[in-house]
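Structure assessment
Here are the chains, one letter per residue:
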Amino acid sequence: MSEQRAFKNPYPDYTGPGCAQDLFDMQGNLTQHFASRISSKISELLSVMENGLKNADPRDCTGYTGWAGIAVLYLHLHSIFGEPLFLQKALDYVSHSLRSLTQRWVTFLCGDAGPLAVAAVVYHRLQKPHEAEECVNRLLHLHQSVVQGKGRLPDELLYGRVGYLYSLIFINQQFQQEKIPIQYIQQICDAVLASGQSLSQRNRIQEQTPLMYDWYQEEYVGAAHGLSGIYYYLMQPGFVVGEERVSYLVKPSVNYVCQLMFPSGNYPPCVGDSRDLLVHWCHGSPGVIYMLIQAFKVFGVRQYLEDALHCGEVIWQRGLLKKGYGLCHGAAGNAYGFLALFKITQDPKHLYRACMFADWCMNYGKHGCRTPDTPFSLFEGMAGTIYFLADLLQPTRAKFPAFEV
Ligand code: GSH
C-alpha cells in the first residue's frame, strides 16, 4: 500500500563518518561545497517561485497556502542571509496579505494571527515601532475570543487555539523579548486544558486519557489537526501553570498517544483508524516525533526518545512522498523530523538522512510527483522546500516553521 504513497528511498543509509564527509564535518557544519550547492539551488527555486506566484490566488492571505507564507519564507531568508532585499520582499508580501484577512479564522497558519504577527516582526526589523505595535495590538485583540472559544473554536494547530498561541510565541522569539507577557500564553493553555478535560469526560475516557480533542468530530492524532500537535505546546516549559497539571493531565494523555503506535512505528491519522498509510508531518510519525522529543526533554523517560527514533526509521524507510516536496505532506516536511532527531541526539546519521532528503528536494520536479494545489505556497509547495533548504544551512538551529518552538 505504502508504495502507492512514496517512491522507494534511493539513497544508501549512513554507515559512518566517511559517507558524510562531502556533506558536513564532525560538528555538523556543512562543507562549503554542499552549502554552496544548497544556496545556488535556493536562488534558482526562488526565481521559479516568484514567476509561479504570478498565477496565485490574490486573495489568499494565509500562511499555509497564501501570501503570509511567502512573507514567512522571506523573513527566514533575511535572518539567514542578512540580505535587505529579502526583508523588503517580506514587507511586500505581508502587506498584500493584510489587505485580505479572513475575518473569520484566528490562527497563524490559516487565519489572521499569522499575517498580523509576521507584519509586526517585519516592521520591528525595519525599525518602525509604531506600525509593529499596531499589529501586536490587533493580534492581542483576538486573544479574549480565543480564550473564550467563541464560535466553537477547536484547539488544534491549523484552525484552533494552539494555532493562535503559536503567533504569540513567534512574536516573542522574533522580538527576542517577552513582548507578549507569558500570562497570555498561559490563559490559552488553560482554556486548551479545560476543553480537553471536558471532551474526555463527555466521552467517558478519563481512565484512558484525561485529555481529548477533536476537529469536525474526528479525534486526530497528528501535528496539524491532532493530539500530538496540541500536547507539544502543553509541554513547553512555563506554558501550563503548575507542574503537577503537566504530570497528571498531559503526561498520561501523551502516553495514550504513544500506545496508538502501529507495529511499524508509525501513528494513525485518527484514533481508531487502523490504516498505516500516511507518513506526513500532518498525519503520522513525522509530526508525532516533536511531541515525543518534547516528552523526553520534560519527563526524562528514555522510552519517548526510543519512540521518536522509531519515527525516524519510519520516515527513512517509507521513502520519498509522491505528494511532493513540501512541508505539510512532502519530502521537506519529513526531513525536518531527521533534523529534530539530530538536534536532540547529535547523531550524524540523522543529519545525513536530512541531507539525502534535501538532495531529493534539490531535484525538484524531476521525479514525477504530484503538483500541489498551490504549487508555490509555504505548506504545500515550493516556498516550504526553499525554507527547509535554507534551514539545513544551520542544522542545529533549524525549526519546522509555524510549529516548532
Ligand atoms: N491540497 C493538498 C495539496 O495539493 O498538496 C493535498 C491534500 C492533502 O494531501 N492533505 C493531507 C492528507 O494527508 C492533509 S493536510 N490528506 C489525506 C491523504 O493523503 O489521504
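Reading guide: rules and limits
- Residues numbered from 1 in each chain as written.
- Predicted model: local features only at pLDDT ≥ 70, side-chain atom pairs only at ≥ 80, totals over all residues.
- Heavy atoms only, no water.
- Phe/Tyr/Trp six-rings, centres within 6.5 Å; stacked < 30°, edge-to-face > 60°.
- Helix = DSSP H or I, 4+ residues; strand = E, 2+ residues; numbered from the N terminus.
- Buried < 20%, exposed > 50% of the residue type's maximum accessible area, 1.4 Å probe, protein only.
- Near = heavy atom within 4 Å.
- Polar contact = N/O pair within 3.5 Å; in protein donor to acceptor, adjacent residues only side chain to side chain.
- Areas by Shrake-Rupley, 256 points an atom, 1.4 Å probe, with all protein chains shown as cover.
- Nonpolar A, V, L, I, M, F, W, Y, C, P; charged D, E, K, R; others polar.

**Regarding the packing of aromatic side chains**
Describing an aromatic ring pair means giving the distance of the ring centres and the angle of the ring planes. Within the structure shown, the criterion is met by 33 aromatic pairs. Here the aromatic rings of Y290 and F400 are separated by 6.2 Å at their centres, their planes lie at 70°, and the arrangement is edge-to-face. You can see Y290 sitting in helix 12 (residues 285-299) and its partner F400 sitting in the segment after helix 16 (382-392), a full 110 residues away along the chain. Of the two residues, Y290 and F400, neither departs from the other in class, the shared state being buried.

**Brief notes about the site of the ligand**
The full set close to the ligand counts 13 residues, and R5, K323, H329, D373 and E380 are the nearest of them. Contacts to the ligand include H280, whose side-chain N or O atom sits 3.1 Å from an oxygen atom. D373 has a polar backbone atom sitting 2.7 Å from an oxygen atom of the ligand. Taken by itself the ligand offers 510 Å² of open surface, and the protein chains cover 74% of this. Across the shell around the ligand, the residue classes tally to 5 nonpolar, 3 polar and 5 charged.

**Focus: the environment of K150**
Tracing the backbone shows K150 in the loop between helix 7 (143-148) and helix 8 (161-175). The spatial distance from the C-alpha of K150 to the C-alpha of T65 is 25 Å, given a sequence separation of 85 residues.

**Quick word on unusual backbone geometry**
Note: most residues except glycine have negative phi, and most peptide bonds are trans. Not every positive phi belongs to a glycine, and Y216 is a case in point at roughly 50°. Looking at the element boundaries, Y216 is found in the loop between helix 9 (182-202) and helix 10 (227-234). Positive phi, normally seen in glycine, also occurs at A402, with a value near 60°. As for its placement among the helices and strands, A402 is situated in the segment after helix 16. The exposure class of A402 is buried, given its relative accessible area of 5%.

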